[in-house]
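Tertiary structure, described
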Amino acid sequence: MPRRRPRALRAEQPVSRVWGPTPPFRIHGLSAGASLAVHHAEYRAGHLSDSCSLHPGATDRALRRYREFLHPPGRRPLYPREAFCSCTGCSFDDVRHARDMLEEVLERLPGRARAELGRLVKPMDAVFLRRTLPDPFAHRRPWRTEFWWYRRLVERSEWG
Ligand SMILES: [Zn+2]
C-alpha cells in the first residue's frame, strides 16, 4: 500500500452528522471538497425514489471498476460483460453499470465537483472507446442504448 498523504488522511477525519452514517472519505484523484460533494450526492440519491442505484460509496467503486476494466495492457479489444446477478454488488461486474453510476453522480454534482470528476472520467471514456468495438446490432436491443457505452460489443451478448 502506498503511504497516504497527510491531506488525504485529514479529509477522512470528520464524521458527518449531516451527510449520514458513513464519514466522507477522499476519493482517489479527487480533492477533499469534490469527494465530499460526491458523498453528499450519493447519500441524497439514496433517499430519492427516482434513483435506485446510486448509493454511498458507489462512485468510488465505479471508478475502481472502470479503471480495472481498462487496465489490461496491449491492444486487444475489451468486451463488457453482463452481470449474472442484478444485486448492488454484482451489478458492478458489468463495467457499463459502473459507467451508469458515474453518469448519475455527474448529473447530480454541483459545477466544480462535476468538472473535477469529469476530468477523471473523460480520459477513461477515451480508452473505453478505443479498446471496445461498436456493436452494429445495438439498435435492436430494447434497453439503454441511449448511452453510448451500451452500444459497444459485449461478451456473450444475448441479442448479438
Ligand atoms: Zn449478486
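The following paragraphs examine the structure supplied in this document. Each chain has its residues counted from 1, running along the sequence as written. Given that the model is predicted, a residue must reach a pLDDT of at least 70 before its local features are reported, and side-chain atom pairs must reach 80 or more before they are shown or counted; all residues, however, enter totals for whole chains, interfaces and linings. Excluding hydrogens and water, the side-chain figures rest on all heavy atoms present in the structure.

Take the packing of aromatic side chains next. Stacked, edge-to-face and tilted are the three classes for Phe, Tyr and Trp ring pairs, Trp counted by its six-membered ring, which pair at centre distances within 6.5 Å; planes under 30 degrees apart are stacked, over 60 edge-to-face, the rest tilted. For the structure shown, the criterion picks out 5 aromatic pairs. Members of the aromatic cluster, connected to one another through ring pairs, are Tyr-66, Phe-69, Phe-128, Phe-147, Trp-148 and Trp-149. A ring is scored as having a charge over it whenever the NZ atom of a lysine or the CZ atom of an arginine sits within 6 Å of its centre and within 35 degrees of its normal. Looking at Arg-99, its charged tip hangs above the ring of Trp-149, at a distance of 4.3 Å from the centre.

Before going further, it helps to examine the pattern of salt bridges. Once their charged atoms are close, side chains differing in charge can pair, the charge on each being opposite to the other. Any Lys or Arg side-chain nitrogen located within 4 Å of an Asp or Glu carboxyl oxygen qualifies as a salt bridge. Per the stated rule, a full pass over the model turns up 7 salt bridges. Between Asp-60 and Arg-64 there is a salt bridge, with its nearest N and O atoms 2.8 Å apart. Taken together, the residues span about one helical turn, with Asp-60 and Arg-64 both in helix 3 (residues 58-70) at a distance of 4 residues. Exposure is judged per residue with a 1.4 Å probe applied to protein chains only, and the accessible area is read against the type maximum: over 50% gives exposed, under 20% gives buried, and values in between give partly exposed. Using a relative accessible area of 11% as the deciding quantity, one classes Asp-60 as buried. Numbering of helices and strands starts at the N terminus; helices are DSSP runs of H or I of at least 4 residues and strands are runs of E of at least 2.

On to the packing of helix 4 (residues 95-108) against helix 5 (residues 111-131). Contact pair helix 4 / helix 5: the axes reach a minimum separation of 10 Å and the direction vectors enclose 155°. It follows from the interaxial angle that helix 4 and helix 5 lie roughly antiparallel. Where helix 4 crosses over helix 5, the handedness of that crossing is left-handed. Residues Val-95, Arg-99, Leu-102, Val-105, Leu-106 and Glu-107 of helix 4 form the contact with helix 5, whose own contacting residues are Arg-114, Leu-117, Gly-118, Val-121, Asp-125 and Phe-128. Three classes are used: nonpolar for Ala, Val, Leu, Ile, Met, Phe, Trp, Tyr, Cys and Pro, charged for Asp, Glu, Lys and Arg, and polar for all others, with Gly counted as polar. Taken together, the residues of the contact of helix 4 with helix 5 sort by class into 7 nonpolar, 1 polar and 4 charged. Each axis is a line fitted through C-alpha atoms, and for a helix only the stretch in contact is used; angles between axes span 0 to 180 degrees, taken between their N-to-C directions. Roughly parallel here means an angle under 35 degrees, roughly antiparallel means over 145, roughly perpendicular means 65 to 115, and every remaining angle is called oblique. Two helices cross in a left-handed way if the nearer one is turned anticlockwise from the farther one by less than a right angle. They cross in a right-handed way if the turn is clockwise. What makes two residues a contact is simply this: any of their non-hydrogen atoms within 4.5 Å.

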